[in-house]
Each structure stands twice: as structure tokens, then as C-alpha cells.
Amino acid sequence: MQGGITVQLPRAASRPVHVPDAITVTVDRNGAVAVGSNRVESLETFRNSFGVFVQARHPAGVYIRGDEHARFGDVVRVLDTVRAAGITKASIVTEAASP
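So, here's what we can say about the structure.

Each value, and the rule that gives it
- Residues numbered from 1 in each chain as written.
- Predicted model: local features only at pLDDT ≥ 70, side-chain atom pairs only at ≥ 80, totals over all residues.
- Heavy atoms only, no water.
- Helix = DSSP H or I, 4+ residues; strand = E, 2+ residues; numbered from the N terminus.
- Rg over C-alpha atoms; globule rule 2.2 N^0.38 Å.
- Expected span 1.5 Å × (residues − 1).
- Buried < 20%, exposed > 50% of the residue type's maximum accessible area, 1.4 Å probe, protein only.
- Arc of directions from axis to C-beta.
- Contact = heavy atoms within 4.5 Å.
- Pairing = 2+ DSSP bridges.
- Axes fitted to C-alpha atoms, helices over the stretch in contact; angles between N-to-C directions.

Here we look at the overall build of the protein
- Counting secondary structure elements, the protein contains 2 helices and 7 strands.
- Moving toward the C terminus, one meets the helices and strands of the protein in the order β-β-β-β-α-β-α-β-β.
- Whereas a compact globule of 99 residues would reach a radius of gyration of roughly 13 Å, the protein reaches 13 Å, a difference of no more than 12%.
- Principal axes of the C-alpha set define a box for the protein whose edges measure 40 × 30 × 20 Å.

This is the structure:
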């Protein structure tokens, strides 16, 4: 388990760009969100608190780990919140695809 929530990552040939000092935001198949290893109460709580977190921590970027069975809309809302907080370097994390 990484990122506080167990997820099954989608498979893709591309890999996320490495960003030193990035944080991880995870979305599980039920829409639960975690920042690093800390589960957030709700998506609304995440939206209301992530900007303050970014101002305090100053991450260089964000890795978004979305379960392959998560609702696309939940992952998009997380990405939208990340961008609204001023983060310009965000990557979607995937597992390597089988050749």
C-alpha cells in the first residue's frame, strides 16, 4: 500500500515524469481521497483544505494515483483542485503495461 489508500492502478505504456519533492494524492474506487498517507474525510474537505496545505508545504508537483475503477469525475475533480491550488506539474500514476 502506498499513499494511504490501496488502489489498483491502470496500466499504460507511458510513465509519469519524475518531480522531486512532489506529493501524492490518491483516489480509490469509492472516491475516497488521501494526501500522502493521510486519508481525507471527503472530496469536499480535500477541495476546501488542499490550497492551505500547498501554501504550507510548497510541493514541486503532485502525483495523482487513481484506482482504475474510480469514477473519472472524481479523479478530474482532484486534478482540478490541484491546479486551482497553483500546482502546474501534475502526473497521473500508472502501472507499466505488459509488452
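Thoughts on helix 2 (residues 72-84)
- The end-to-end C-alpha separation of helix 2 is 18 Å, in line with the 18 Å expected for 13 residues at 1.5 Å each.
- Of the residues making up helix 2, those classed as buried are D74, V75, V78, T81 and V82. Taken end-on, helix 2 shows its buried residues confined to a sector of 120 degrees, consistent with a single buried face. Set apart from the buried face of helix 2 by more than 90 degrees, the exposed residues are F72, D80, R83 and A84.
- Looking at the packing, one finds that the buried side of helix 2 touches strand 2 (23-27), strand 3 (33-35), helix 1 (43-57), strand 5 (62-66) and strand 6 (90-92).
- The positive-phi residue at the C-terminal boundary of helix 2 is G86, with phi of around 95 degrees.

Brief notes about the sheet that holds strand 5
- Here 5 strands make up an open sheet; going across it, the order is 4-3-2-5-6 and the pairing mixed. Both outer strands of the open sheet, strand 4 (38-40) and strand 6, are each paired with one neighbouring strand and no more. Strand-to-strand twist in this sheet, taken as the mean axis angle between neighbours without regard to direction, amounts to 25 degrees.
- The sheet contacts of helix 2 involve strand 2, strand 3, strand 5 and strand 6, and relative to strand 5 the element is tilted by about 170 degrees.

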